[in-house]
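# Structural description and commentary
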Amino acid sequence: AFVDLNEKFGRGTSIAMVAGFGLARVVTSVVGAFVKLAAGIAVGIAAIASFAFVSSNAARSLALTREAAEILTPALRGLPWREVTDATGIAEARLRDLAKTLIDVKVSTADMPMALRAIATAEAALGQGGADKLVADLKAGKISAAEFADTIVTKFGGVVARQLLGLEAQGARFKRNVGDIFNFDIDPALEGLATLVAMFDKNTSTGRAFRKATKGIMDPIITNAKAAAYVVEAFVLGLSIGAVKIYIAVKPAITKVAELIGIDPSKWKLESVLSAAATAGELVASAVLVSLGVIALFGAAIGVVAGVIGGLMVAASLASVAVIVFGARLLAGGVSAAKALGSVVAGAVGVVTGAVASFVTAGADIVAGIVKGLLAGGPAVIAAITGVVGGAIATAKKLLGIASPSRVFGGIADDTVEGFTSHVDAGTDAAHAAVAELVRPPAPAAGATSSSVSSSVSSTTSNASTVVIESLTLPNITDPDAFLVWLEGVAGKAAA
């Protein structure tokens, strides 16, 4: 910059300009420093004044409270409140209560300072009520005020002295000391403040004027606040209505698109959706990178046309890297998809397997339940069946007239025997003819001679052979097969 100035304005002018600028910067910095210092001093003075005013006001309030207590109880006047507070750490308000306790037990005015310090020491060491026993002894006249003070100071004086070395006690003492330093008579300032405060009283002329001015400013604002609220409300309602209209207009389209591409958000799971979205983001990033590589490659081609070979090399490198990254992403996506598909298939197989196992278990439970129910209800089932069968038997006995023996079955047996006998008699002739035909020998062949049966069989010879059975005794045979065997034997004897 200085070289440029020197060329345009000459060396001397340039030096003057730079020097002037530097001087201006120095002056500005110094003035700014003084301004900041003055502001800091002003702020510090204001803070000190505020602290002094607050401390003086606190001391003034304490003094007024003490004055009121001394007016109410003259025996409290002239007690060393501050000294006892510094020696024990007990606040003055509590010291006044302890002093009233000593007055009640008839401690003399001369002994009051000593007794007050002693009872405050006991409370500082033991807590509130720590000196109650000694106070009771003092009230009963068992010990004097001097003995009371000596006993407490001897026992607890060292403990309280060490307590006052603590940070909390020293902090409280430091606050009291600083308050004493900044304890001023602020009554004139308070009187002036009272005058200023009175100016804002609505009953004074200044108060009425200020109220009128502020009312004139605020009334229009307050009056129009309701209208402004209406405007805001209308805007918000319009915004809500517009949003609802947009939703109503877009919802069918969104539904159709979802149906078209088979989207069913009701079955989505947050974890899988987030994973799919992250994978899609990675693939899109790869695609964008490839696109940028292609654009760079296209720019490189233009650069080649323009003679920029380096651009082509850079673009080609970018494209190569992009293709590699894209391929890797696609491969990773394919692996992830394969894993996801495998997980889905495994989950489906698991569901089917679990369902089959569930059905098998359910069947076994059903059978076990039936068996258990039958076993549990066996006696009831048997009793029911027994009752039904018993009822059926009783009914049958009643209908059949069974009374050991049954008259009905007796009649049936009689009818049966009678019918059997009648039919046997009726078929006797037929039976005789059948037997005769059965035992009749076959006709002899032509030219054959007749044969004779010895002893019980006699025969006559004619043109046809005839066998006459004169006498035949039938054995007691009831089985038809045995009868046929016997008959064949007879026939064999006859033939012999």
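All of the points below concern the structure found in this document. It should be emphasised that the depicted structure is a prediction, and the values quoted were computed from it without experimental measurement.

The space that makes up the second largest pocket amounts to roughly 630 Å³. Forming the boundary of the second largest pocket are 19 residues, of which A59, L62, R82, R176 and D180 lie nearest the centre. If you list the elements that add at least two residues to the lining of the second largest pocket, you get helix 2 (11-72), helix 3 (81-88), helix 4 (92-104) and helix 8 (167-181). At 8 residues, the largest contribution of residues to the lining of the second largest pocket is made by helix 2. Of the residues belonging to the lining of the second largest pocket, the class tally is 8 nonpolar, 4 polar and 7 charged.

With that settled, consider the environment of A140. With respect to the element layout, A140 can be found in the loop between helix 6 (132-139) and helix 7 (145-163). On the accessibility criterion, A140 (55% relative accessible area) is exposed. Note: C-alpha distance between A140 and V105 (35 residues apart in sequence) is 8.4 Å.

Before going further, it helps to examine the packing of helix 3 against helix 5 (residues 112-126). Remark: helix 3 packs on helix 5, axes separated minimally by 10 Å, with the N-to-C direction vectors making an angle of 30°. Put simply, helix 3 runs roughly parallel to helix 5. Judged by the sense of rotation from one axis to the other, the crossing of helix 3 with helix 5 is right-handed. Facing W81, V84, A87 and T88 of helix 3, the residues of helix 5 in contact are L116, R117, A120, T121 and A124. For the contact of helix 3 with helix 5, the residue count by class is 6 nonpolar, 2 polar and 1 charged.

End to end, helix 4 covers 18 Å across 13 residues, agreeing with the expected 18 Å (1.5 Å per residue, within 8%). The set of residues buried in helix 4 consists of E92, L95, R96, L98, A99 and L102. Buried residues of helix 4, seen end-on, are gathered within an arc of 165° and therefore sit on one face of the element. Buried residues in helix 4 make contact with helix 2, helix 3, helix 5, helix 6 and helix 7. Backbone geometry just after helix 4 places K106 at a positive phi near 70°.

What follows concerns the nonpolar core. One broad trend across soluble globular proteins is that nonpolar side chains are buried collectively. Within the largest apolar cluster, 29 residues are counted, with the highest numbers of intra-cluster contacts made by L95, L102, V107, L116, I119 and F148. When residues of this core are traced back to their parent elements, those giving at least two are helix 3, helix 4, helix 5, helix 6 and helix 7. When residues in this core are grouped by element, the largest group, 8 residues, is from helix 5. With residues near it in sequence (within four places) discarded, V107 still touches L102, M112, A115, L138 and A145.

What counts and how
- Residues numbered from 1 in each chain as written.
- Predicted model: local features only at pLDDT ≥ 70, side-chain atom pairs only at ≥ 80, totals over all residues.
- Heavy atoms only, no water.
- 1 Å grid on protein atoms, 1.4 Å probe; cavity = no way out; pocket = protein on both sides within 12 Å on 5 of 7 lines; lining within 4 Å.
- Points joined across faces, edges and corners; volume = space filled by probe spheres on them.
- Helix = DSSP H or I, 4+ residues; strand = E, 2+ residues; numbered from the N terminus.
- Nonpolar A, V, L, I, M, F, W, Y, C, P; charged D, E, K, R; others polar.
- Buried < 20%, exposed > 50% of the residue type's maximum accessible area, 1.4 Å probe, protein only.
- Axes fitted to C-alpha atoms, helices over the stretch in contact; angles between N-to-C directions.
- Parallel < 35°, antiparallel > 145°, perpendicular 65-115°, else oblique.
- Left-handed = near helix turned anticlockwise from the far one by under 90°.
- Contact = heavy atoms within 4.5 Å.
- Expected span 1.5 Å × (residues − 1).
- Arc of directions from axis to C-beta.
- Core = buried A, V, L, I, M, F, W, Y, C linked by side-chain atoms within 4.5 Å.

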